[in-house]
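Geometric and topological summary
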Amino acid sequence: GRDDFRDTGLKFPPGFVIGSATAAYQIEGAVDEDGRGPSIWDTFSHTPGRVWNGDTGDVADDHYHRWEADLDLMQELGLESYRFSIAWPRIQPTGRGPALPEGIAFYSRLVDGLIARGITPIATLYHWDLPQALEDEGGWTVRSTALAFAEYARVVGEALGDRIAVWTTLNEPWCSAYLGYGSGAHAPGIASPEAALRAVHHLNLAHGLAIAALREVVTNDPQYSITLNLHVLRAEAGSGESGADAVRRIDAIANRAFTGPLLHGAYPADLFEDTASITDWSFVLEGDLAAINQPIDVLGVNYYATTLVRHWDGVSPRSMADGHKDVGGSPWPGADDVEFLPQEGPYTAMGWNIDPSGLLELLLALHEEFPSQPLMITENGAAFEDVVSFDGIDGAPRVHDPLRVDYLQRHFTAAHRALAQGVDLRGYQVWSLLDNFEWGYGYSKRFGIIRVDYDTQERILKDSALWLRRLIAERAIPSPEEQGDEGRPLA
Ligand code: GBH
């Protein structure tokens, strides 16, 4: 029906690239190998009390050693693209200096392996694993980190710049700035509104400088991009003007703080006003906005859930039901009088509400604000409490994950409706290929379409992986009942 987003049979056009995504620290493991330096996530995860159960990325999915078998799984699923990230500390262990040959070699093999299997490589330069040595100099709160990032982009571009189809500079700078330096829920675990806003700007600057550096060294004709987690904001029903103002406030800090400089060439004036008691933004130097405002070929969009807000009266206990752990700081500098409300279910295992209409709304809004800007869904997916059953061929282990299949079907439907309404949407990367290290939640949350047994490192294709294989093969949304029964364990 039209309302539940459970359409089937919808065809995706040729050129709409369907694949899956991961990030280095979440899957690679091998943190002490081949000269890799420590990152802020090594430090953070090894600090007691920071990550659920004391989990770390030390081993993760052991993808650093199992990359070839993982590429074979991607091929078996027929993935058209694979979005992965490059670990900065494997390339420059201290964040500066020449590229480490072993680090380059790993990603070079990976990229060659993708191309040999007909899979388009989408490379993200930064998915949160800042070299610890740069954090020791101030991390994203200081300008020198943005300059170092441009040098890192250059050395990676020199090595891989003949083979990458899409370069993404940063993954979700919102998380790096506001969870890393504002709330402290993510590495480096700092809780300072001023630090968070400084980080916003230096991340934006890093993006712009990195694109310029890449353009100087790459030899093929790639697409350049950045991936944002834009918030789809809704005001509490009946909250009137104060609700609308709460939306405006969060929209400024969460969304327009990035799309403003990146795509319009300016920070929004209301952001400066809302945060005036925290900073005068004097770290924005002359020329920075021109450097940031590089044309990009595709804007990456990560979408999981919507956000519901209202104005807080300052008296009643303030609700922060936004899925964030209470870690002391706020990820919303300058918005202490906004409340985040619980939303209508159903929910994923993260507690996030499932609402594919939010994805459609986001794509349509972006298309309206930036009509000539191509878009790509660089992450969408869900964690659920998966159960392994032994009802495959010869009692082989299977994972029946109908909730994930339903989640994906409904969000692919939203994407298709956006296409049908004229949005220039270029593709869809499902988060995630493998169960992996879910940041502050450690291994307690499973987002994979492939199950990982963390004792044996065995991979099992979940029903959702088989469903995606069918979608790609037919270029149409299959119904959940049409998944087939081909699941089997793979070593
Ligand atoms: C992405 O972060 C990351 O890129 C990826 O590494 C990660 O594994 C994946 O998603 C799953 O978490 O809090 O209810 O208002 C997403 C982080 C999740 C932060 C959604 C904002 C808003 C929903 N974002 N969250 S809610």
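Residues numbered from 1 in each chain as written. Predicted model: local features only at pLDDT ≥ 70, side-chain atom pairs only at ≥ 80, totals over all residues. Heavy atoms only, no water.

- In the annotation of an unreviewed UniProt entry, the chain is listed under the name Beta-glucosidase and assigned to Herbiconiux ginsengi.
- Entered under Sequence similarities (unreviewed entry) in the UniProt record, the comment concerning the chain runs "Belongs to the glycosyl hydrolase 1 family."
- Its UniProt record gives the chain the following Catalytic activity (unreviewed entry) comment, quoted word for word: "Hydrolysis of terminal, non-reducing beta-D-glucosyl residues with release of beta-D-glucose." (UniProt positions renumbered as here; feature names shortened; annotations may be inferred.)

**Digging into the UniProt feature "binding site: substrate" (unreviewed entry) in the chain**
- With numbering matched to this structure, UniProt assigns "binding site: substrate" (unreviewed entry) to Q26, H127, N171, Y304, W431, E438 and W439.
- Look at W431 and you get buried, because its relative accessible area is 3%.
- Mapped onto the fold, W439 is located in the loop between β13 (425–431) and β14 (450–452).
- The exposure class of W439 is buried, given its relative accessible area of 4%.
- With residues up to four places along the chain from it excluded, the contact list for W439 reads Y25, Q26, W41, V51, H127, W128 and H186.
- Within the local environment of W439, its side chain forms a polar contact with the side chain of Q26, the two groups lying 3.4 Å apart. (Buried < 20%, exposed > 50% of the residue type's maximum accessible area, 1.4 Å probe, protein only. Helix = DSSP H or I, 4+ residues; strand = E, 2+ residues; numbered from the N terminus. Contact = heavy atoms within 4.5 Å. Polar contact = N/O pair within 3.5 Å; in protein donor to acceptor, adjacent residues only side chain to side chain.)

**As for the environment of R36**
- Along the chain, the position of R36 falls in the loop between α1 (24–27) and α2 (40–45).
- Ignoring any residue separated from it by four or fewer positions in sequence, one finds R36 in contact with Y25, A30, V31, D42, P89, R90 and L100.
- At 2.9 Å, the side chain of R36 and the side chain of D42 are in polar contact.

**Looking at the layout of surface pockets**
- Computed from the structure, the second largest pocket encloses a volume of approximately 290 Å³.
- Surrounding the second largest pocket, 14 residues form its lining, H231, D251, N255, L362 and A365 being those nearest its centre.
- Every element with two or more residues in the lining of the second largest pocket is listed here: β6 (232–235), α10 (240–264) and α13 (356–369).
- Classifying every residue of the lining of the second largest pocket by side-chain character gives seven nonpolar, three polar and four charged. (1 Å grid on protein atoms, 1.4 Å probe; cavity = no way out; pocket = protein on both sides within 12 Å on 5 of 7 lines; lining within 4 Å. Points joined across faces, edges and corners; volume = space filled by probe spheres on them. Nonpolar A, V, L, I, M, F, W, Y, C, P; charged D, E, K, R; others polar.)

**Some details on the sheet that holds strand β3 (residues 120–126)**
- Around the barrel, eight strands lie side by side as β1-β2-β3-β4-β5-β7-β10-β13; this closed barrel has parallel pairing. Neighbouring strand axes in the sheet, compared pairwise and without regard to direction, differ in orientation by 25° on average.
- In this structure, strand β7 (residues 298–302) lies alongside strand β10 (residues 375–380), joined through four bridges in parallel fashion. Residue pairing in the sheet places G300 in a bridge with M376 of β10.
- Helix α5 (residues 101–116) rests against β2 (81–85) and β3 of the sheet, and its axis sits at about 170° to β2.
- Across the sheet, helix α14 (residues 402–420) lies against β1 (17–21), β10 and β13, angled at about 170° from β13, the strand it touches most. (Pairing = 2+ DSSP bridges. Axes fitted to C-alpha atoms, helices over the stretch in contact; angles between N-to-C directions.)

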